[in-house]
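Per-entry structural report
Each chain, written out:
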Amino acid sequence: MAVEFDGGVVIGADSRTTSGAYIANRVTDKLTPIHDRIFCCRSGSAADTQAIADAVAANVELDGIVMGGLPSVKKAAEIFRQYCYDYRDNLTAGIIVAGWDPKQGGQVYTIPLGGMLIRQQFSIGGSGSTYIYGHVDATFKENMTKDECIQFCTNALSLAINRDGSSGGVVRLAVITKEGVERKVILGNDLPRFYEG
Amino acid sequence: VIMADLMQPFWQGGPSPGLFYEYPGKWSSDVASPSDARNRTSQPTVTGTSVLGLKFTGGVIIAADTLGSYGSMARFRNVSRVMKVNDSTILSAAGDYADFQFIKAEIEQMVIDEEVLNDGFFMSPGAVHSWMTRMLYHRRSKFDPLWNSVTVAGFYNGESFLGSVDKIGIAFKSASVASGFGAYLAQPLMRKAIEDNGDNLSYEKARHVIEECLKVLYYRDARSYNRYEIAVVTKDGVKIEKPSSSKPDWNVANVVRGFE
């Protein structure tokens with residue numbers, strides 16, 4: 001998931017990669033850098049999303065050099081969309097592109113399965129997201145501070161992890177601002193706990 | 001030859017074929033039809049994952065987590081999959097939870113019936129295991145299985161008992177048993193412990209192995225939950241403990257960055 005705030009974005013993800021019911025990787029890093037201030041959250045097929053992210057990162061790096069300065073988050077999202085739309089019948093990729101650029105500040109763009117592109121104030125994705133639509137709709141407020149966004153993400157991800165078999169492990173967060181990228185990890189035992197009956 | 005000629009009835013104006021004798025399939029209740037689908041467990045709905053069982057000197061331990069999964073959803077997180085049969089036997093099931101509740105009700109009634117007889121006899125763990133085997137195989141043979149892997153454990157006549165039966169009636173006894181993911185992840189760990197201790201595991205060691213296995217299953221089974229019940233049978237009877245949890249170690253996450 002990803003959330004915009006004034007000055008940047010907070011992105012977060014769980015760390016479980018499954019092959020059927022087997023947890024192939026319990027400490028996955030699903031927050032992938034595309035450029036210095038642009039990240040993406042990958043859901044769906046690990047192979048598909050890694051391949052696309054690599055291609056987009058190469059493209060965006062060139063773009064940054066050619067245009068001079070930090071590439072726009074929107075441009076990176078458009079490049080993602082082109083791959084996801086043109087090859088929609090052959091891909092299983094749900095991607096959230098989030099980052100900061102000098103022109104528009106913090107931005108979150110979602111590219112779900114069919115390859116549409118939309119900017120949102122916050123976005124959730126992946127199999128676990130179905131369990132928290134009600135929660136995020138009830139809890140989200142506009143103009144949250146950076147720390148409120150971090151708590152919003154942590155709580156939402158914990159709730160999803162506790163219900164979805166395909167989600168689990170640790171919560172990885174990244175806060176992207178003009179100053180840089182601050183990465184955090186909240187280990188399994190330190191996650192907030194809610195009703196578990 | 002014209003096919004139409006072959007499709008004519010044998011006779012006309014007389015009794016319908018098959019009217020005066022019995023044959024298999026005469027009555028629709030004998031034959032499975034699509035309308036019978038409601039009476040067939042063709043797929044499990046709410047399911048429990050692995051069950052572990054391990055013998056030690058003086059008794060047996062079994063363990064199962066308290067999750068009832070609804071597909072990939074962790075729907076019922078506080079469900080008990082272990083039951084006490086009598087003072088010398090316990091039983092646990094993986095697979096469909098409704099079928100487990102059915103088995104539980106049947107066995108509880110059998111225990112009541114025994115008590116009512118008041119002859120001082122009660123089912124041995126071996127007897128329960130045999131009954132489960134017959135029951136599950138019978139249902140499988142009717143194409144209406146109870147979709148479970150059942151583990152029976154007990155202590156009777158000074159000896160530990162541990163047996164397993166699955167939904168197609170495969171039954172056996174062993175020093176360690178595990179169903180579901182446990183068969184792949186926990187069984188090797190349990191067998192190693194038995195081997196390293198010369199088949200003479202103490203309660204403490206067995207307990208430690210089971211808890212290690214439960215931790216590994218929580219790491220690697222996407223249908224597991226970090227709350228489990230452990231039950232122990234010894235000569236002193238049955239003890240089904242309150243649910244507890246593993247203490248997983250996630251520190252390795254700090255070492256990982258990206259995917260290359």
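In what follows, the structure referred to is the one given above.
In this report, we go over the structure that sits alongside the text. (Residues numbered from 1 in each chain as written. Chains lettered and ligands numbered in written order. Predicted model: local features only at pLDDT ≥ 70, side-chain atom pairs only at ≥ 80, totals over all residues. Heavy atoms only, no water.)

**Focus: the nonpolar core**
In this structure, M1(A), V3(A), V10(A), V136(A), F152(A), V171(A) and L173(A) are the most contacted members of the largest nonpolar core, which totals 23 residues. Only β1 (2-5), α4 (146-163) and β11 (171-177) of chain A provide two or more residues apiece to this core. If you tally residues by element for this core, the top one is α4(A), at eight residues. If we ignore the near neighbours within four places in the chain, the residues touching V3(A) are G8(A), V9(A), V10(A), V108(A), Q121(A), F122(A), F140(A), M144(A), C149(A), F152(A) and C153(A). In this structure, M83(B), V85(B), V150(B) and V165(B) belong to the second largest nonpolar core, which totals 21 residues. (Core = buried A, V, L, I, M, F, W, Y, C linked by side-chain atoms within 4.5 Å. Buried < 20%, exposed > 50% of the residue type's maximum accessible area, 1.4 Å probe, protein only. Helix = DSSP H or I, 4+ residues; strand = E, 2+ residues; numbered from the N terminus. Contact = heavy atoms within 4.5 Å.)

**A few points about the environment of A64(B)**
When you line up the elements, A64(B) lands in strand β3 (residues 59-65). Contact partners of A64(B), with chain neighbours within four places excluded, come to S50(B), V51(B), R81(B), V82(B), S92(B), Y228(B) and E229(B).

**A few points about the sheet that holds β1(A)**
Residue and element names in this part refer to chain A. Spatially, five strands are ordered β10-β1-β2-β11-β12 in an open sheet, and the strand pairing comes out antiparallel. Edge positions in the sheet fall to β10 (122-123) and β12 (181-186), since each has one partner strand and no second. Examined bridge by bridge, β1 and β10 share two bridges and lie antiparallel to one another. Counterpart to A2 in the pairing with β10 is S123. Packed onto the sheet, α4 meets β1, β2 (8-13), β10, β11 and β12 and runs at close to 155 degrees relative to β11. (Pairing = 2+ DSSP bridges. Axes fitted to C-alpha atoms, helices over the stretch in contact; angles between N-to-C directions.)

**Focus on the sheet that holds strand β5 (residues 31-35) of chain A**
Residue and element names in this part refer to chain A. Strand order in the open sheet formed by five strands is β5-β6-β7-β8-β9, and the pairing between neighbours is antiparallel. Because the sheet does not close on itself, it has two edges, and the strands there are β5 and β9 (118-119). Pairing geometry for strand β6 (residues 38-44) and strand β7 (residues 93-101), over seven bridges, is antiparallel. The residue of β7 that forms the bridge with G44 is A93. Packed on one face of the sheet, helix α1 (residues 46-67) meets β5, β6 and β7 and runs near 20 degrees to β5. Its contacts with the sheet place helix α2 (residues 73-86) against β5, β6, β7 and β8 (105-111), and it is angled at close to 165 degrees to β7.

**Some points on the packing of helix α2 (residues 97-117) of chain B against helix α3 (residues 125-141) of chain B**
Residues and elements named next belong to chain B. Their axes nearest at 13 Å, the elements α2 and α3 cross at an angle of 135 degrees. In terms of axis orientation, α2 runs oblique to α3. Once α2 is placed against α3, the crossing between them reads as right-handed. For the pair α2 and α3, the contacting residues are F102, I103, E106, I107 and M110 in the first and V128, W131, M132, M135 and R139 in the second. Of the residues that constitute the contact of α2 with α3, the class distribution is eight nonpolar, no polar and two charged. (Parallel < 35°, antiparallel > 145°, perpendicular 65-115°, else oblique. Left-handed = near helix turned anticlockwise from the far one by under 90°. Nonpolar A, V, L, I, M, F, W, Y, C, P; charged D, E, K, R; others polar.)

**Here's the deal with the pattern of salt bridges**
Evaluated as defined, the whole model comprises 19 salt bridges over all chains. Among the ionic pairs, D29(A) bridges to R183(A), the shortest N-O distance being 2.7 Å. Here D29(A), found in the loop between β4 (22-25) and β5, pairs with R183(A), found in strand β12; they are 154 residues apart in sequence, far enough to count as distant. Put simply, D236(B) and K235(B) hold a salt bridge, and the shortest N to O gap is 3.5 Å. (Salt bridge = Lys/Arg side-chain N within 4 Å of Asp/Glu carboxyl O.)

**Focus: the environment of A2(A)**
All names here are of chain A. Counting through the fold element by element, A2 comes out in strand β1. Classification of A2 by relative accessible area gives buried; the value is 0%. Here the alpha-carbon distance between A2 and Q121, two residues 119 residues apart in the chain, equals 8.4 Å. Filtering out sequence-adjacent residues up to four positions away, A2 remains in contact with V10, I11, I96, A98, V108, Q121, F122 and S123.

**A closer look at the interface of chain B and chain A**
With 28 residues of chain B at the contact, the number on the chain A side is 32 residues. For the pair chain B and chain A, the two sides together bury roughly 2,700 Å², of which 51% comes from carbon and sulfur. Counting across the chain B and chain A interface gives one salt bridge. Across the salt bridge formed by E196(A) and R227(B), the nearest N and O atoms sit 3.9 Å from each other. At the surface where chain B touches chain A, the tally comes to 14 residue pairs in polar contact (both at pLDDT 80 or more). (Buried area = accessible area lost by both parts, 1.4 Å probe. Polar contact = N/O pair within 3.5 Å; in protein donor to acceptor, adjacent residues only side chain to side chain.)

**Some points on the pairing of β3(B)**
All names here are of chain B. The buried fraction of β3 is high, at seven of seven residues. Here six bridges tie strand β2 (residues 51-56) to β3, and the two strands are oriented antiparallel to one another. Counterpart to K55 in the pairing with β3 is V60. Where β2 folds back on β3, the antiparallel hairpin that results is connected by two residues, among which G58 adopts a positive phi of roughly 105 degrees. Bridge count for β3 against strand β12 (residues 228-234) is seven bridges, and the pairing is antiparallel. By the bridge assignment for β12, I61 is matched with V232.

**A short note on α1(A)**
Residue pairs spaced three or four apart in an α-helix point in one direction, given the helix's 3.6 residues per turn. All names here are of chain A. For α1, spanning 22 residues, the distance from its first C-alpha to its last is 31 Å, which sits close to the expected 32 Å at 1.5 Å a residue. When α1 is considered as a whole, its buried residues turn out to be D48, T49, I52, A53, V56, A57, V60, D63 and G64. Around the axis of α1, the buried residues are gathered within 150 degrees of arc, so they sit on the same side. What points out from α1, more than 90 degrees from its buried face, is the exposed set A47, L62, I65 and V66. (Expected span 1.5 Å × (residues − 1). Arc of directions from axis to C-beta.)

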